[in-house]
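Inside the fold
Okay, here's what each chain looks like letter by letter:
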Amino acid sequence: MAKLFRAAIVGPPGSGKGTISKRIAQSFGLQYLSGGHFLRESLKGDTEAGVLVKTYVERNMLVPDHVMTRLMLHRLEQLNSCSWLLDGFPQTLAQALALNNLYQLDLVISLNIPYETLRERLSDRWIHPPSGRVYNMGFRPPRVQGKDDITGEPLIQHDDDKPEALMVRLRHYKDVAKPVIDLYKSQGILHSFSDTDTDQIWPSISSLLSTKIHTHQLPNTCQTQAH
Ligand SMILES: Nc1nc2c(ncn2[C@@H]2O[C@H](COP(=O)(O)OP(=O)(O)O)[C@@H](O)[C@H]2O)c(=O)[nH]1
Ligand SMILES: Nc1ncnc2c1ncn2[C@@H]1O[C@H](COP(=O)(O)OP(=O)(O)O)[C@@H](O)[C@H]1O
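In short, a report on the structure. Worth saying up front: this structure is predicted, and the values here are computed from it rather than measured. (Residues numbered from 1 in each chain as written. Chains lettered and ligands numbered in written order. Predicted model: local features only at pLDDT ≥ 70, side-chain atom pairs only at ≥ 80, totals over all residues. Heavy atoms only, no water.)

Considerations on the site of ligand 1
In the neighbourhood of ligand 1, 17 residues make up the surrounding shell, with Gly14, Gly18, Thr19, Arg125 and Thr198 lying closest. Here an oxygen atom of ligand 1 sits 3.2 Å away from a polar atom, N or O, in the main chain of Ser15. Within the backbone of Tyr135, an N or O atom sits 3.0 Å from an oxygen atom of ligand 1. For ligand 1, the accessible surface in isolation is 580 Å², of which the surrounding protein chains cover 89%. Elements represented by at least two residues in the shell around ligand 1 include exactly α1 (17–28), α6 (115–122) and β6 (133–136). Considered class by class, the residues forming the shell around ligand 1 number six nonpolar, seven polar and four charged. (Near = heavy atom within 4 Å. Polar contact = N/O pair within 3.5 Å; in protein donor to acceptor, adjacent residues only side chain to side chain. Areas by Shrake-Rupley, 256 points an atom, 1.4 Å probe, with all protein chains shown as cover. Helix = DSSP H or I, 4+ residues; strand = E, 2+ residues; numbered from the N terminus. Nonpolar A, V, L, I, M, F, W, Y, C, P; charged D, E, K, R; others polar.)

Following this line, the structure appears as structure tokens:
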């Protein structure tokens, strides 16, 4: 069987993880799994996990590690035959250690983006909740203002992208991210990218991945099991 490639992308909210992850998934055929999107999905049904998660997500607080880890590791189990890229997980050292017990990551991409850039971008971020498609009124506007390109449904802005919530998220992010970044640095798999612009960073990420992933080695069918 072809060797599977496992990677994660880390960076503050608004650093472009989702935007870059989608480009990576498209160019290199990795299965993309976003922690934030996955949580929002689990809020939809009236499940026990959904109710538990809701109170945290609504307050922009990290879901407790044991809950987040259980949900994500369960999902990853269903992606056993896939090469994947994680976005937004792990965010804490406890999550990183739990992941580490089961999977050896090949690569971690870290995005270092100045605060002012983050603030500007997130205040312009609009999303289409059912699909997770992300727009930006300057950088990637929808074809029709306020509407999703594919379905024409309305776009919304997350409460946690509004300025006050953003400050809290960024401060908190810094505290929890450092030990995670240090862990991956010590494992020799961390690659950091600093710029204000996704399009400037992308060529370097793409060429790094080309040296690590040989697309002919990736399984062309990745069997994903239902949730
Ligand atoms: N102006 C600008 N906006 C960007 C750039 N890259 C991403 N964005 C937008 O910034 C916002 C945050 O990006 P996203 O990928 O969702 O970041 P994440 O929170 O790290 O997943 C979105 O509205 C993107 O469309 C960029 O290079 N310039
Ligand atoms: N790894 C994680 N651990 C705990 N909670 C998380 C994690 N990732 C996301 N969350 C929760 O989900 C919310 C939304 O996540 P976020 O990263 O904003 O998603 P997005 O990818 O849409 O930016 C966070 O405010 C937090 O409550």
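Continuing now.
Examining the pattern of salt bridges
Within this structure, the stated rule accounts for eight salt bridges. With its nearest N and O atoms 2.5 Å apart, the salt bridge here joins Glu116 to Arg119. Within this pair, Glu116 and its partner Arg119 are both found in helix α6, separated by three residues, close to a single helical turn. Assessed through its relative accessible area of 37%, Glu116 is described here as partly exposed. (Salt bridge = Lys/Arg side-chain N within 4 Å of Asp/Glu carboxyl O. Buried < 20%, exposed > 50% of the residue type's maximum accessible area, 1.4 Å probe, protein only.)

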